[in-house]
Amino acid sequence: MIAYLKGKLAFKDPTFVIIDISGVGYQVKISLQTYSQIKDEEQIMLLTYLSIKEDGHTLYGFSQESEKKLFLNLISISGVGPNTALMILSSLSSEELESAIISEDARTIQNVKGVGAKTAQRIILELKDKIKKESFADSVLPTSAFSKSNNKTKEEALQALLTLGFTKAVAEKNIATVLKKTGPEISLEELIKASLKNP
């Protein structure tokens, strides 16, 4: 079990990073929460979870212990795999997810792509008491201000949505809908986050 990775940030994308450790590049899947906290640090450390399946080994990385705990709680639920858990943590911050679970707000959880009514109810049922007991460190997520052109932001958001399993047509439609509401000043992670929500 790989508990964490510490090394040089060789590549950063809204959905994954590559960490160079002594000349070996580790590809690690991340949520938008972690992406927004990494910034452009040269050296980074991510807490990790290694998923082992027949078709391959996948590393998932987290900048905060609280996010990793939530991820592990989510994947302990029947019907919630690592990719769905990462999608939930990209669409909702740790605080928003905890709040939705404690207040039994299934609709908020259901708004995440790939999460149906039954799964949302199961998440609430199985995690409500656990989250009430666990005291997570409160951390306010910094919002990164991107001074990139609107087109570059759109392209990067589109690429991230395609990586997460959206078709190009749906991804482009969701991005256009969000930009119409928010205007071009929206940051990359906020644009992806809003586009992940079911229309």
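A.B. asks: Any details on the pairing of strand β2 (residues 16-21)? Residues and values, ideally.
C.D. replies: Strand direction decides the pairing type here: strand β1 (residues 4-12) and β2, joined by four bridges, are antiparallel. Looking at the pairing, lysine 8 lines up with aspartate 20 of β2. Counted between consecutive antiparallel strands, the loop separating β1 from β2 contains three residues. Where β2 meets strand β3 (residues 24-30), six bridges bridge the pair, whose relative direction is antiparallel. Among the inter-strand pairings, isoleucine 19 is bridged to a residue of β3, identified as tyrosine 26.

A.B. asks: How would you explain the pairing of strand β4 (residues 43-53) if you had to name every residue and give the values?
C.D. replies: Sheet topology places β1 next to β4; five bridges connect them, and they run antiparallel. Looking across to β4, one finds that tyrosine 4 is bridged to leucine 47. Across seven bridges, β4 lies against strand β5 (residues 56-62) in antiparallel orientation. Bridging from a neighbouring strand, isoleucine 52 pairs with histidine 57 of β5. With antiparallel pairing between neighbouring strands as the criterion, β4 and β5 make up a hairpin whose turn holds two residues.

Conventions we followed
Residues numbered from 1 in each chain as written. Predicted model: local features only at pLDDT ≥ 70, side-chain atom pairs only at ≥ 80, totals over all residues. Heavy atoms only, no water. Pairing = 2+ DSSP bridges. Helix = DSSP H or I, 4+ residues; strand = E, 2+ residues; numbered from the N terminus.

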